[in-house]
Amino acid sequence: MNPPSEHAPAVEVRTMAVPPCRRCGNQALLTARYPHSWPNQAGKQVTGFKETALCPACDEDDPAATGLLALLGTPVPSRLAELGALVRQWVSTVRHRTPDLAALEDEAARFRTGEL
C-alpha cells in the first residue's frame with residue numbers, strides 16, 4: 001500500500017495467514033487493520049484500531065466488496081495497482097460501518113436468558 005498521508009491514515013492489509021471470518025467461520029481472503037475512533041461514555045474520543053475481514057461468503061452481496069472479490073478470485077500480479085485501489089475503496093466504506101445496536105441488544109438479552 002502507499003505510505004500514509006495526512007489525509008489517508010495507514011491501512012495494514014494482510015493476505016497471508018488470514019484468520020477465519022468471525023461472522024461465519026469460513027476462510028476470509030484478506031483482513032484490513034486501520035485507525036478507528038469512537039466517543040466513550042464521557043464523550044471523549046478513544047482512538048484505536050479496527051480490523052475487518054473480507055469474506056467471499058458474507059460479503060458476496062456487498063457492493064463495496066464486489067470488485068475486490070472478483071479480482072481476488074483471479075489473482076494476476078500485473079493487477080496489483082488495481083488491487084490497491086479496490087482495497088482502499090473497500091476500506092473507505094467498511095471503516096464507517098457500525099454495529100446494529102438493536103440486534104446487539106437483542107442478542108445480549110437472549111444470551112442473558114439462556115436462549116443462546
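Quick look at helix H3 (residues 101-112)
Next, step 1: Here H3 contains 12 residues, and its C-alpha end-to-end distance of 16 Å stays within 8% of the 16 Å for a straight helix at 1.5 Å per residue.
Next, step 2: Here H3 starts with a cap whose side-chain oxygen sits 3.1 Å from the backbone nitrogen of Ala-102, and that cap is Asp-100.
Next, step 3: Downstream of H3 by a residue or two, Gly-114 has a phi angle that is positive, lying close to 85°.

What to know about the layout of surface pockets
Next, step 1: Estimates place the volume of the largest pocket at around 540 Å³.
Next, step 2: Lining the largest pocket are 17 residues; nearest its centre among them are Arg-23, Lys-50, Glu-51, Thr-52 and Ala-53.
Next, step 3: Of all the secondary-structure elements, those providing two or more residues to the lining of the largest pocket are strand E3 (45-54) and helix H2 (80-94).
Next, step 4: Per-class residue counts for the lining of the largest pocket are seven nonpolar, three polar and seven charged.

Comments concerning the environment of Leu-116
Next, step 1: Position of Leu-116 relative to the elements: it lies in the segment after H3.
Next, step 2: Those residues in contact with Leu-116 that sit more than four places away from it in its chain are Glu-107, Arg-110 and Phe-111.

Overview of the pattern of salt bridges
Next, step 1: Tallied over the full model, the rule gives five salt bridges.
Next, step 2: Between Arg-22 and Glu-51 there is a salt bridge; the shortest N-O distance is 3.8 Å. Taken together, the residues span a long stretch of sequence, with Arg-22 in the loop between strand E1 (12-14) and strand E2 (30-39) and Glu-51 in strand E3 at a distance of 29 residues.
Next, step 3: As a salt-bridge pair, Asp-106 and Arg-110 come within 3.3 Å of each other at their nearest N and O atoms. With Asp-106 and Arg-110 both in helix H3, this residue pair falls four residues apart, about one helical turn.
Next, step 4: Exposure remark for Arg-110: the relative accessible area of 29% places this residue in the partly exposed category.

Scoring rules and cut-offs
- Residues numbered from 1 in each chain as written.
- Predicted model: local features only at pLDDT ≥ 70, side-chain atom pairs only at ≥ 80, totals over all residues.
- Heavy atoms only, no water.
- Helix = DSSP H or I, 4+ residues; strand = E, 2+ residues; numbered from the N terminus.
- Expected span 1.5 Å × (residues − 1).
- Polar contact = N/O pair within 3.5 Å; in protein donor to acceptor, adjacent residues only side chain to side chain.
- 1 Å grid on protein atoms, 1.4 Å probe; cavity = no way out; pocket = protein on both sides within 12 Å on 5 of 7 lines; lining within 4 Å.
- Points joined across faces, edges and corners; volume = space filled by probe spheres on them.
- Nonpolar A, V, L, I, M, F, W, Y, C, P; charged D, E, K, R; others polar.
- Contact = heavy atoms within 4.5 Å.
- Salt bridge = Lys/Arg side-chain N within 4 Å of Asp/Glu carboxyl O.
- Buried < 20%, exposed > 50% of the residue type's maximum accessible area, 1.4 Å probe, protein only.

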